Structures are given as structure tokens and as C-alpha cells.
Amino acid sequence: MSQASVSFWYSQVPTPEPRLPLRHSTRADVCIVGAGFTGLWTAYYLKKAQPSLRVAVLEQRFAGYGASGRNGGWLTNSVTGGREQYVKTHGREGAQAMQSAMTSTVHEVIRVAEAEGIDADITLGGELNVARNRAQLARLHEWADGEAEWADVDARLLDAAQASARIAVADTLGGVWQPHCARIQPAKLVRGLADVVISLGVELYENTPVTAIEPRSAGHRPRAVTARGSVEADVVVRATEGFTARMPGAHRAWVPLNSSLIVTEPLADRQWDAIGWANRDTLGDLAHVYVYAQRTADGRIAFGGRGVPYHFGSRFDADGATPEVTVRSLRELLVRFFPVLSDVRVERAWSSVLGVPRDWSATVGLDRASGLAWAGGYVGTGVTATNLAGRTLADLVLERDSSLTALPWVGHRVRNWELEPLRFIAVNGLYRAYGMADRAEDRGSTRTSAIARLADWVSGHK
């Protein structure tokens, strides 16, 4: 399969020459499994901090093959799983530290892209979330009140006219806008980052699937095992995100949750005149099964949401095949948002998987005894969180105490997901309940709180 067929984003960038796979066993100071954003950012900050380090990155297909090259392109400051979880475990100060770190990370990614000459179509237009029925509007007002209590968020409540002036979404009753979010072209960012780390001396081996990650033992250092040999290192970093369920011993750690996108043909000027979207905000809504969208640099709309969220046994199509029913559903929703697009052609559709922990909370850490490090479980906030994870992992590996290593997600552990069929029932039951709540709200009901609370209880993430 070509890179361009994995997601629309890759059709906009030249296909590079394939990088060589691992040929034989070797050694490194740090071995990173996975050449997505987490792995590449970790390699970048390690080499920037200590250029003499030998850093090897192993990738099953090509750099950015997973969600890093297929996502919706939101560089946002949202905290995975919400701040309230950290209020419970680390107090309000710890939760605020996490929020501030995510906000500053948005601007760190932009800074690095500019400094390294990575053109990723980045536009800091902010993030607009709209309410399209009364129940959503109630949640939106509650959300805006909560956001006002935190520093480094800067969210603003908008009435229907103000929200529609930014993006003319049909039936908008109100919105919340915050400035710390940028639209990006993810394949350009991950491809550019891969080129940068190679220029810094990182060894990147593509088409090298890792079959096992082994901890330190009496006989050897930690190592990543492949069919052609192993890489021993002082630290091995697991940066596999949605593909983690395929790693031995990690099958129940994070479920691979499916997310799908469609992209339209380029829109005509008259269509953009009707829609607006002049500031290139990212766009979401307050539905339980929410959507996410952006106006692309070449004048299309990329529009994403959940298709079939989870397959039995944590199975998924690694190349992101998208069922036609999902494409139709997303297109219908796009037209409900923008009736002027009733005749628009969908040019491409693709899917990726997110790594979802049992408590829906991201994590980063390093166990010195085993020599194994990890990061992931971003549940959709990974474009930003991966950079924060990479900087944090670099500090942990180099044994530097910093404000990053003190953040509340460091060392966070969570129990495994249930055995099948309970896992299948729980995940799909969650989205079935949320879908029921959304349909009832679209019919005018405001009495869906019991359904939503049931779904929250099933997910364990609120």
C-alpha cells in the first residue's frame, strides 16, 4: 500500500525514498518503538539536549503511518480525560500545571516548526465548539462556566450570532471559542519532523515491525526484538499508541478506538462566502459523539467522527479501510452542518485508531528497574500531547528533574480493560448510549442526562 492511500494528507506531500529496515542486531543508548509524533518528538528533544546519544527508532511501516499521519489536524490545548481527574489525585495546583503545560505546548510545536523550517500549513485560528440543540446549549454554558475558573485557557462564550459569524453552522444556538488551537496538516508535520531527526543523527529504521519489547534481565539490557535482530539500549520507549494492543503483553492495556475522516473536493468561492470560516478555526460540537473539522489550506473541509468505534478482540484494519456506511454517515452530518454543501463531492475517506486507556487518561513514564518507558493513551489530543510527552520522556531518560517530570500524568498507571466479550460490550455500549442521547436531543429532548451518565459510567472516564 502506498503512503498516499493511507490518508488524504499524504497525497499532498511527495513520497520519499523508503528508509532502510534494520538489517542486524545492534545497540543504542535509547531505542524508540514507533515513528509517530511521540517517538519522533522524543528523539528530537533527546538529540537536542545531548547530541552524542545514539538514538534508534524502529517503525513497522513508515514514519507517521499511524494516527500521526491520519488525524484531523487539531493542535489543541485540551487535557485528555479532563482536568478534574488531576484535581482528585494532585490537587488544583497539579491540574492547573497540566493545563498550563498543554497550552504552552501548542505554541512550542509552532515554534519548533518555524525554527526547523517545517511547513505544515499551521494556522493559529483558535477552536470553536458549537451547540446545535437545547441540551447541547446547556452543556455548553456549563462548560464555559467551568473554563472560566482556569488560567491559560482563555475561553469565550459566544451567542448564536457571534458563533455563526465565525463559522455559519446550521442551527447554531451558541458557541465557545478559545485561542490556543491551530490547524495543521499532520502528514507535513510528521514527515518534516522525521527529516529533522534524521539530520540530527537519529537512526530511523522503517519496515521493521517489532515483535516484542523485553525488560532488563540478568542476561541483557532492555531490547526491542524484530525478525531481523534486536536493538539493545539503556532505555526502550514504547510509542505505539493505537497499535499498542498488538504488542505482546499489552493486548488489554489500551483499546484501539476507531476514528474516521472524510475530505471534500475544494469548495467554490460562493460556498465559502456562505460558510465563512475566514479565521481557519478548528470546529467541533457539543454532541456526545462529537465531530471535529478543519478548513484545509487548499480550500476543502476535512470532517471527522466515529464510525464503527471498536471491533471484537481489539482487531482493526491497520491501513485504515473505511466502511461505506461510515462515509455516508459523515457526509450526511456534514450537510446538516452546512446545507449549502448538499451537492459537494467527498474526495477521500480514511480511518485510524486511537489508544484508549480504561480511565481515558493519557500517561507517560519510565521504569528504571526494567528500563522500559512509555507514552500514549491520548484519546484524540495527541497532536499536542505527543510533544509534551516527548519533552517529558527526554527529561526522564536524562534523569533531569523538571516541571515536566512533576506533571500529574507522569507515572500514571491504570488497570487493564476487561476480557472479551465484556470489552466489546463496554466500548460499543458506550457509543450506543451516547448515540441514543444525541438522537433524543436532536428531537428536542433535554432529558438525556441519565443515558449520558450511564455511558460515562461504562467508559469510566468521568
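Reference entry: report on the structure contained in this document.

1. A closer look at the overall build of the protein
The number of helices and strands found in the protein is 11 helices and 20 strands. Here the protein holds 462 residues, and the buried ones make up 60% of them. Sequence-distant contacts, at least 24 apart, represent 77% of the contacts inside the protein between residues at least 6 apart. Measuring between centres, the 51 positive side-chain charges of the protein sit 5 Å from its 49 negative side-chain charges.

2. Some thoughts on the pattern of salt bridges
Side chains that differ in sign of charge can pair as their charged atoms come close. In the structure shown here, the tally under the stated rule is 22 salt bridges. Across the pair Arg 19 and Glu 206 runs a salt bridge whose closest N-O atoms are separated by 3.0 Å. A residue pair is termed long-range when its members are at least 10 positions apart, and Arg 19 in the loop between α1 (3-6) and β1 (26-27) and Glu 206 in the loop between β9 (203-205) and β10 (210-214) qualify at 187 residues. Exposure class is identical for Arg 19 and Glu 206. Each is buried. We note a salt bridge from Glu 418 to Arg 415, for which the minimum N-O separation is 3.4 Å. With a relative accessible area of 52%, Arg 415 lands in the exposed category. Each of Glu 265, Asp 298, Arg 300, Arg 345 and Glu 347 takes part in salt bridges that share partners, so that together they form one network.

3. Comments concerning the packing of aromatic side chains
Overall, the coordinates contain 17 aromatic pairs when judged by the stated rule. Ring centres 5.5 Å apart and planes at 80 degrees place the aromatic pair Phe 303 and Phe 337 in the edge-to-face group. Note that Phe 303 is positioned in strand β17 (residues 301-305) and Phe 337 in helix α8 (residues 324-337), a separation of 34 residues in sequence. In this structure Phe 303 comes out as buried when scored by relative accessible area, which is 0%.

4. Points about the pairing of strand β14 (residues 255-264)
The element β14 is largely enclosed, with a buried count of 10 among its 10 residues. With burial as the criterion, each face of β14 is covered, one bearing Val 255, Leu 257, Ser 259, Leu 261 and Val 263 and the other bearing Pro 256, Asn 258, Ser 260, Ile 262 and Thr 264. Bridging between β14 and β17 involves 4 bridges; their strand directions are antiparallel. The partner of Ile 262 across the bridge, within β17, is Phe 303.

5. Quick look at the side chain of Lys 47
With respect to the helices and strands, Lys 47 occurs in helix α2 (residues 37-49). Buried within the structure, Lys 47 lacks any salt-bridge partner; Asp 29 is the closest side chain of opposite charge, at an N-O distance of 7.4 Å. Here the side chain of Lys 47 touches Pro 51 through a polar contact of 2.8 Å, landing on its backbone oxygen. Polar contacts involving the side chain of Lys 47 include one to the main-chain carbonyl oxygen of Leu 53, which spans 2.7 Å.

6. Considerations on a nonpolar patch on the surface
Taken together, the side chains of Phe 312, Leu 422, Phe 424 and Ile 425 make up a nonpolar region of the molecular surface, amounting to roughly 370 Å² of accessible area. The topology assignment puts Phe 312 in the loop between β17 and α8. Taking the relative accessible area as the measure of exposure, Phe 312 reaches 37% and is therefore partly exposed.

7. Looking at helix α9 (residues 382-397)
With 16 residues, α9 should reach 22 Å at 1.5 Å per residue; the first-to-last C-alpha distance of 21 Å fits that figure. Counting buried residues in α9 gives 16 out of 16 residues, a clear majority hidden from the surface.

8. Thoughts on the sheet that holds strand β19 (residues 363-367)
Taken together, 6 strands build an open sheet; the order of strands is β9-β3-β2-β13-β20-β19 and the sheet is mixed. Both outer strands of the open sheet, β9 and β19, are each paired with one neighbouring strand and no more. The mean angle between the axes of side-by-side strands here comes to 15 degrees, regardless of whether they run parallel or antiparallel. Where β19 meets strand β20 (residues 372-376), 5 bridges bridge the pair, whose relative direction is antiparallel. Within β20, the residue paired with Thr 363 across the bridge is Gly 376. Its contacts with the sheet place α9 against β2 (30-33), β13 (235-238), β19 and β20, and it is angled at close to 15 degrees to β19.

9. Re the nonpolar core
Among the nonpolar cores identified, the biggest contains 79 residues, and Ile 32, Trp 41, Tyr 44, Val 55, Leu 75, Leu 388 and Trp 409 are the most heavily contacted of them. Among the elements that make up this core, the one with the highest residue count is helix α3 (residues 84-115) (10 residues). Beyond its immediate chain neighbours, meaning those up to four positions away, Val 55 contacts Val 30, Ile 32, Ala 43, Leu 46, Lys 47, Val 202 and Glu 203.

10. Description of the layout of surface pockets
Taken as a whole, the second largest pocket spans an internal volume of roughly 780 Å³. Elements supplying a minimum of two residues to the lining of the second largest pocket: α8 and α10 (422-442). Among the residues making up the lining of the second largest pocket, the classes are represented as 12 nonpolar, 7 polar and 10 charged.

11. Notes on the sheet that holds strand β12 (residues 229-232)
Here we have 4 strands laid out as an open sheet, ordered β1-β12-β11-β10, and mixed in their pairing. The open sheet terminates on both sides in strands that have one partner only, identified here as β1 and β10. Relative to strand β11 (residues 223-226), β10 runs antiparallel, the two sharing 4 bridges. The partner of Ala 212 across the bridge, within β11, is Val 225.

12. Examining the environment of Ala 239
Considering the arrangement of structural elements, one finds Ala 239 in the loop between β13 and β14. Look at Ala 239 and you get buried, because its relative accessible area is 10%. Sequence separation between Ala 239 and Trp 374 is 135 residues, and the spatial gap between their C-alpha atoms is 6.1 Å. The contact partners of Ala 239, leaving out residues within four places of it in the chain, are Ile 32, Val 33, Gly 34, Thr 38, Gly 39 and Ala 375.

About the thresholds
- Residues numbered from 1 in each chain as written.
- Predicted model: local features only at pLDDT ≥ 70, side-chain atom pairs only at ≥ 80, totals over all residues.
- Heavy atoms only, no water.
- Helix = DSSP H or I, 4+ residues; strand = E, 2+ residues; numbered from the N terminus.
- Buried < 20%, exposed > 50% of the residue type's maximum accessible area, 1.4 Å probe, protein only.
- Contact = heavy atoms within 4.5 Å.
- Lys, Arg positive; Asp, Glu negative; His and termini not counted.
- Charge placed at Lys NZ, Arg CZ, Asp CG, Glu CD.
- Salt bridge = Lys/Arg side-chain N within 4 Å of Asp/Glu carboxyl O.
- Phe/Tyr/Trp six-rings, centres within 6.5 Å; stacked < 30°, edge-to-face > 60°.
- Pairing = 2+ DSSP bridges.
- Polar contact = N/O pair within 3.5 Å; in protein donor to acceptor, adjacent residues only side chain to side chain.
- Patch = residues over 30% accessible without salt bridge, like charges linked within 9 Å, V, L, I, M, F, W, Y side chains within 5 Å.
- Areas by Shrake-Rupley, 256 points an atom, 1.4 Å probe, with all protein chains shown as cover.
- Expected span 1.5 Å × (residues − 1).
- Axes fitted to C-alpha atoms, helices over the stretch in contact; angles between N-to-C directions.
- Core = buried A, V, L, I, M, F, W, Y, C linked by side-chain atoms within 4.5 Å.
- 1 Å grid on protein atoms, 1.4 Å probe; cavity = no way out; pocket = protein on both sides within 12 Å on 5 of 7 lines; lining within 4 Å.
- Points joined across faces, edges and corners; volume = space filled by probe spheres on them.
- Nonpolar A, V, L, I, M, F, W, Y, C, P; charged D, E, K, R; others polar.

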